[in-house]
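What follows is the residue order along each chain.
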Amino acid sequence: MSASLAGRRMVVSAGPTYEDLDPVRFLGNRSSGKMGFAVAAAAARAGADVLLVAGPVHLPTPDGVARVDVRSAAQMHAAVFDALPADVYVGAAAVADFTPAQVAPSKIKKRPGEDGLTLHLVRTRDILAELAADARRPRLVVGFAAETDDVDGNARHKLAAKRVDLVAANRVGIAGSGFEGDDNTLLVHDAAGQRRFGPGPKTAIAAELVALIAQRLVPEPP
Ligand code: CTP
């Protein structure tokens, strides 16, 4: 039988973030939120107390899961840190890496003779890396890596660079996998190696990932 998450608190981030440019426009990405929502649902089924921090998505809240809706990377950062303490953080959200330096107070208009528009973007804060380095670090910090190339290399780099315990990597941009579909394949990396979950429905893969997380939280025998 797989280990239970009863008595454990898990915070899961999911979906994209939207970075506003002006009152009518934003920079976003193609994340559907399905993978993070499936992880939250599986964790609740395994008995965890789950808080889902959701970017703008069109998905129902899974049974037994508490949810906070956010829009921007900055709001997601605040909501995740407000949710501490937790035993586990799963960063499934596709958080914007850059945000406009300023939000224009009124709609940006074309000007006669202008043949382009230059946007000034600044880096957002890395929620996953900051959480992994925080004094209140959850016991298990799990990142996701959405990659178009060199999935393994990039995932191993993120594992070390962000000092997280697990990185669940998937290839985006091929049919039936990644952001928008219901199916996925995850390569889950840790310090010891990697294992493959799927290909299969995101719900089944989420259950496998949650079982692995539960196993990791079981204290080692003395
Ligand atoms: N992440 C985060 N905060 C950010 C950016 C990313 O918490 N500002 C987290 C994501 O939730 C995910 C992991 O970092 O768990 C990897 O995100 P990804 O976009 O694949 O990688 P980046 O770190 O942004 O690196 P790059 O864009 O260079 O691939």
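Residues numbered from 1 in each chain as written. Predicted model: local features only at pLDDT ≥ 70, side-chain atom pairs only at ≥ 80, totals over all residues. Heavy atoms only, no water.

Remarks on the nonpolar core
At step 1: Met10, Val39, Val90 and Ile213 are the most contacted members of the largest nonpolar core, which totals 37 residues.
At step 2: Dropping the residues within four chain positions of it, Met10 is found in contact with Leu5, Val39, Ala43, Asp49, Val50, Leu51, Val88, Val90 and Ile213.
At step 3: Counting residues in hydrophobic clusters, the runner-up holds 25 residues, among them Ala83, Ala86, Tyr89 and Val151. (Core = buried A, V, L, I, M, F, W, Y, C linked by side-chain atoms within 4.5 Å. Buried < 20%, exposed > 50% of the residue type's maximum accessible area, 1.4 Å probe, protein only. Contact = heavy atoms within 4.5 Å.)

Things to note about the side chain of Thr99
At step 1: Tracing the backbone through its elements, the reader meets Thr99 in strand E7 (residues 98-100).
At step 2: Look at Thr99 and you get buried, because its relative accessible area is 18%.
At step 3: What Thr99 contacts, discounting residues up to four positions off in sequence, is Glu19, His120, Leu121, Val122 and Thr124. (Helix = DSSP H or I, 4+ residues; strand = E, 2+ residues; numbered from the N terminus.)

Comments concerning the site of the ligand
At step 1: In the vicinity of the ligand there are 16 residues, among which Gly91, Ala93, Asp97, Phe144 and Lys162 approach most closely.
At step 2: Gly91 is positioned with one of its backbone polar atoms (N or O) 2.6 Å from an oxygen atom of the ligand.
At step 3: The separation between a nitrogen atom of the ligand and a polar side-chain atom of Thr124 is 3.2 Å.
At step 4: For the ligand, the accessible surface in isolation is 570 Å², of which the surrounding protein chains cover 76%.
At step 5: Every element with two or more residues in the shell around the ligand is listed here: helix H3 (127-133) and strand E9 (140-147).
At step 6: The biggest single contributor to the shell around the ligand is E9, with four residues.
At step 7: Its residues placed into classes, the shell around the ligand shows eight nonpolar, three polar and five charged. (Near = heavy atom within 4 Å. Polar contact = N/O pair within 3.5 Å; in protein donor to acceptor, adjacent residues only side chain to side chain. Areas by Shrake-Rupley, 256 points an atom, 1.4 Å probe, with all protein chains shown as cover. Nonpolar A, V, L, I, M, F, W, Y, C, P; charged D, E, K, R; others polar.)

Notes on the environment of Gly181
At step 1: Examined against the element boundaries, Gly181 turns out to sit in the loop between strand E10 (166-171) and strand E11 (183-190).
At step 2: Counting along the chain gives 21 residues from Gly181 to Lys202, while the straight-line C-alpha distance between them is 8.6 Å.
At step 3: The residues touching Gly181, leaving out its near neighbours within four places in the chain, are Lys34 and Lys202.

Re the pattern of salt bridges
At step 1: In the structure shown here, the tally under the stated rule is twelve salt bridges.
At step 2: Note that Asp126 is salt-bridged to Lys162, the shortest N-O span being 2.8 Å. Residue Asp126 is found in the loop between strand E8 (121-123) and H3, and its partner Lys162 is found in the loop between helix H4 (151-161) and E10; the two are separated by 36 residues along the sequence.
At step 3: Using a relative accessible area of 29% as the deciding quantity, one classes Asp126 as partly exposed.
At step 4: Here Lys158 makes a salt bridge to Glu147, at a shortest N to O gap of 2.5 Å. With Lys158 in helix H4 and Glu147 in strand E9, the pair connects residues that are eleven residues apart, well separated along the chain.
At step 5: Of the residues examined, Lys158 reaches a relative accessible area of 24% and is grouped as partly exposed.
At step 6: Judged by its relative accessible area of 9%, Glu147 falls in the buried class. (Salt bridge = Lys/Arg side-chain N within 4 Å of Asp/Glu carboxyl O.)

A short note on the sheet that holds strand E6 (residues 88-91)
At step 1: A sheet is described by the order of its strands in space; here eight strands give the open sequence E5-E4-E1-E6-E9-E10-E11-E12, paired in mixed fashion. Across the chains shown, the open sheet's two edge strands, defined by having one partner strand only, are strand E5 (65-69) and strand E12 (193-201). Averaged over all pairs of adjacent strands, the angle between strand axes in this sheet comes to 20 degrees, irrespective of strand direction.
At step 2: Looking at chain direction, strand E4 (residues 49-54) and E5 are connected through five bridges and run parallel. The partner of Leu52 across the bridge, within E5, is Arg67.
At step 3: Helix H2 (residues 73-82) rests against strand E1 (9-14), E4, E5 and E6 of the sheet, and its axis sits at about 165 degrees to E4. (Pairing = 2+ DSSP bridges. Axes fitted to C-alpha atoms, helices over the stretch in contact; angles between N-to-C directions.)

Quick word on helix H1 (residues 34-45)
At step 1: Spanning twelve residues, H1 covers 16 Å between terminal C-alpha atoms, matching the ideal 16 Å at 1.5 Å per step.
At step 2: Listed as buried for H1 are Met35, Gly36, Phe37, Ala38, Val39, Ala40, Ala41, Ala42, Ala43 and Ala44.
At step 3: Just downstream of H1 lies Gly47, where phi reads positive at about 100 degrees. (Expected span 1.5 Å × (residues − 1).)

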